[in-house]
Amino acid sequence: MPLLLVLAGGPAAAEDAALQALEGGWHACLRQAFAGQPLGMERRAAQRAALEACKPQEDAYVHAMLAAQEAEVRARATRGVVARARDWALAAVGSARATVGGVIDRLRR
């Protein structure tokens, strides 16, 4: 991960840039492989051959994309847990405050 990308926008920006680079490499491979097919070849056959030639780049891109999506799901779940814990703590503090306030009111009477 290049330092400039990390400084520019953190890990998410670096991850996005890495995904874009993998996707760009895969598309460039497809264009080059398709252009290199024999002229008389049927279009669909040439497309299948180009896809087959660039399978490693496609696999790397899809693997990275799925890993990024999984990391995002985990991050959302963690944020949800933290939010629920915060809400519980605030409710507990509010309840304790109300209880202590009630006791103080009774003692004043």
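Preceding this section is the structure that the text describes.
About the cut-offs
- Residues numbered from 1 in each chain as written.
- Predicted model: local features only at pLDDT ≥ 70, side-chain atom pairs only at ≥ 80, totals over all residues.
- Heavy atoms only, no water.
- Disulfide = S-S within 2.5 Å.
- Helix = DSSP H or I, 4+ residues; strand = E, 2+ residues; numbered from the N terminus.
- Buried < 20%, exposed > 50% of the residue type's maximum accessible area, 1.4 Å probe, protein only.
- Phe/Tyr/Trp six-rings, centres within 6.5 Å; stacked < 30°, edge-to-face > 60°.
- Core = buried A, V, L, I, M, F, W, Y, C linked by side-chain atoms within 4.5 Å.
- Contact = heavy atoms within 4.5 Å.
- Salt bridge = Lys/Arg side-chain N within 4 Å of Asp/Glu carboxyl O.
- Expected span 1.5 Å × (residues − 1).
- Axes fitted to C-alpha atoms, helices over the stretch in contact; angles between N-to-C directions.
- Polar contact = N/O pair within 3.5 Å; in protein donor to acceptor, adjacent residues only side chain to side chain.

Once that is clear, we can look at the state of the cysteines. A disulfide bridge is the covalent bond that connects two cysteines by way of their sulfur atoms. For the structure shown, the criterion picks out 1 disulfide. Disulfide pairing is shown between cysteine 29 and cysteine 54; the S-S distance is 2.0 Å. Here the S-S torsion is close to -90 degrees, and the disulfide linking cysteine 29 with cysteine 54 is therefore left-handed. Of this pair, cysteine 29 sits in helix α1 (residues 3-35) while cysteine 54 sits in the loop between α2 (43-53) and α3 (55-108); the two residues are 25 residues apart in sequence, bridging distant segments of the chain. Residue classification places cysteine 29 among the buried positions, given a relative accessible area of 15%.

To describe a pair of aromatic rings, one takes the distance between the centres and the angle between the planes. Enumeration over the complete set of coordinates arrives at 1 aromatic pair. Taking 5.8 Å as the distance between ring centres and 25 degrees as the angle between the ring planes, the aromatic pair formed by tryptophan 26 and tyrosine 61 counts as stacked. A residue pair is termed long-range when its members are at least 10 positions apart, and tryptophan 26 in helix α1 and tyrosine 61 in helix α3 qualify at 35 residues.

Here we come to the nonpolar core. Side chains of a nonpolar character, in soluble globular proteins, are inclined to be buried together. One finds Leu19, Trp26, Cys29, Leu30, Ala33, Ala50, Cys54, Tyr61 and Ala68 forming the largest nonpolar core, which totals 9 residues. Among the elements that make up this core, the one with the highest residue count is α1 (5 residues). Among residues more than four places away in sequence, those in contact with leucine 30 are Ala50, Leu51 and Cys54.

Further remarks concern the pattern of salt bridges. One pass over the full model with this rule turns up 5 salt bridges. The shortest N-O distance in the salt bridge between glutamate 58 and lysine 55 comes to 3.9 Å. In this pair, glutamate 58 and lysine 55 both sit in helix α3, 3 residues apart, roughly one turn of the helix. On the basis of relative accessible area, lysine 55 is assigned to the partly exposed category, the value being 36%. A salt bridge links glutamate 70 to arginine 74; the nearest nitrogen and oxygen atoms lie 3.1 Å apart. Within this pair, glutamate 70 and its partner arginine 74 are both found in helix α3, separated by 4 residues, close to a single helical turn.

Our focus in this paragraph is α3. Between its first and last C-alpha atoms α3 spans 79 Å; for 54 residues at 1.5 Å apiece the expected length is 80 Å, and the two agree. Where α3 is concerned, the buried positions are Glu58, Tyr61 and Ala68.

Two numbers describe how α2 lies on α3: the axes approach to 5 Å, and their chain directions differ by 65 degrees. Between α2 and α3, the residues in contact are Leu51, Glu52 and Ala53 and Lys55, Pro56 and Gln57, respectively.

A word on the side chain of glutamine 37. Mapped onto the elements of the fold, glutamine 37 is located in the loop between α1 and α2. With a relative accessible area of 18%, glutamine 37 lands in the buried category. There is a polar contact of 3.1 Å between the side chain of glutamine 37 and the backbone oxygen of alanine 33. In this structure glutamine 37 touches Ala46, Ala49 and Ala50, once residues within four positions along its chain are discounted.

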